[in-house]
Amino acid sequence: DSRSRRDGHAFDCRRCNRIQIKNSIFSNLTSEGLGGAIYVEELRSKNSTENSFMFNNTFVGNTSPRGGAIFMDRPYFIEVSGNTFETVFGTQQSMLELFILKQKIKGPCWLTVQNAQRVMHVNERRTWCKHEIRVTSPKDVECTLEDLNK
């Protein structure tokens, strides 16, 4: 079927208990939303002894605005190995790359950070840095005016 679908053209799994995909070929599939070939939302095998996996699959020429071949949203445990990805379309930049480009940060430079909140709780930290801060908007981080004029 060459028509486009909303999410995961071949496989759209929402709140499923277990996924086992092996030795399959996903070729030239298109979705208008997330995951050209496969979309997985909230895989619920967190406390299950049943493993979910994707082994030895081939993904060729799959397209979507986000997650060219596969898009996974909150999968608790899924083992992905031995897969081959060729000509993946629709993959976007990482959040960091998008942030750097959008804020026109050209290093090395000093940054001015406004409205920062210090991350205090260990379970909220995302890095191993000694001091970690959080801002609510990317607009709160910009190149220092002195560096912009260089």
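Residues numbered from 1 in each chain as written. Predicted model: local features only at pLDDT ≥ 70, side-chain atom pairs only at ≥ 80, totals over all residues. Heavy atoms only, no water.

S.K.: So what's going on with the sheet that holds strand β1 (residues 11-14)? Residues and values would help.
M.R.: Two strands in a sheet stick together by hydrogen bonds in their backbones, pointing the same way (parallel) or opposite ways (antiparallel). If you walk across this open sheet you meet the three strands as β1-β4-β7, and the pairing is parallel. Strand pairing shows two members of the sheet lacking a second neighbour, β1 and β7 (70-73), which therefore form its edges. Each strand axis lies, on average, 5° off the axis of its neighbour in the sheet, ignoring direction. The sheet contact formed by strand β4 (residues 38-41) and β7 spans four bridges and is parallel. Looking across to β7, one finds that I38 is bridged to I70. (Pairing = 2+ DSSP bridges. Helix = DSSP H or I, 4+ residues; strand = E, 2+ residues; numbered from the N terminus. Axes fitted to C-alpha atoms, helices over the stretch in contact; angles between N-to-C directions.)

S.K.: So, the environment of S27: which residues are in play, and what are the values?
M.R.: Topologically, S27 is positioned in strand β3 (residues 25-27). C-alpha of S27 to C-alpha of A37: the two residues are 10 residues apart in sequence and 8.0 Å apart in space. Excluding residues within four positions of it along the chain, S27 makes contact with V60 and N62. A distance of 3.3 Å separates a polar atom in the side chain of S27 from a polar atom in the side chain of N28. (Contact = heavy atoms within 4.5 Å. Polar contact = N/O pair within 3.5 Å; in protein donor to acceptor, adjacent residues only side chain to side chain.)

S.K.: Could you give me a rundown of the state of the cysteines, with the residues and numbers involved?
M.R.: In the structure shown here, the tally under the stated rule is zero disulfides. Summary of cysteine pairing: C109 is not part of a disulfide, and the nearest cysteine sulfur, belonging to C143, is at 3.3 Å. Using a relative accessible area of 7% as the deciding quantity, one classes C143 as buried. (Disulfide = S-S within 2.5 Å. Buried < 20%, exposed > 50% of the residue type's maximum accessible area, 1.4 Å probe, protein only.)

S.K.: I'd love a proper account of the packing of aromatic side chains, names of residues and values included.
M.R.: Using the criterion set out here, one finds two aromatic pairs in the structure. Aromatic pair F26 and F59: ring centres 4.9 Å apart, planes at 10°, arrangement stacked. A residue pair is termed long-range when its members are at least 10 positions apart, and F26 in strand β3 and F59 in strand β6 (residues 58-60) qualify at 33 residues. Classification of F26 by relative accessible area gives buried; the value is 9%. Residue F59 is classed as buried on the basis of its relative accessible area of 0%. Relative to F71, the ring of Y39 lies with its centre 6.0 Å away and its plane at 10°, an arrangement referred to as stacked. Residue Y39 is found in strand β4, and its partner F71 is found in strand β7; the two are separated by 32 residues along the sequence. Each member of the pair, Y39 as well as F71, carries the same accessibility label: buried. (Phe/Tyr/Trp six-rings, centres within 6.5 Å; stacked < 30°, edge-to-face > 60°.)

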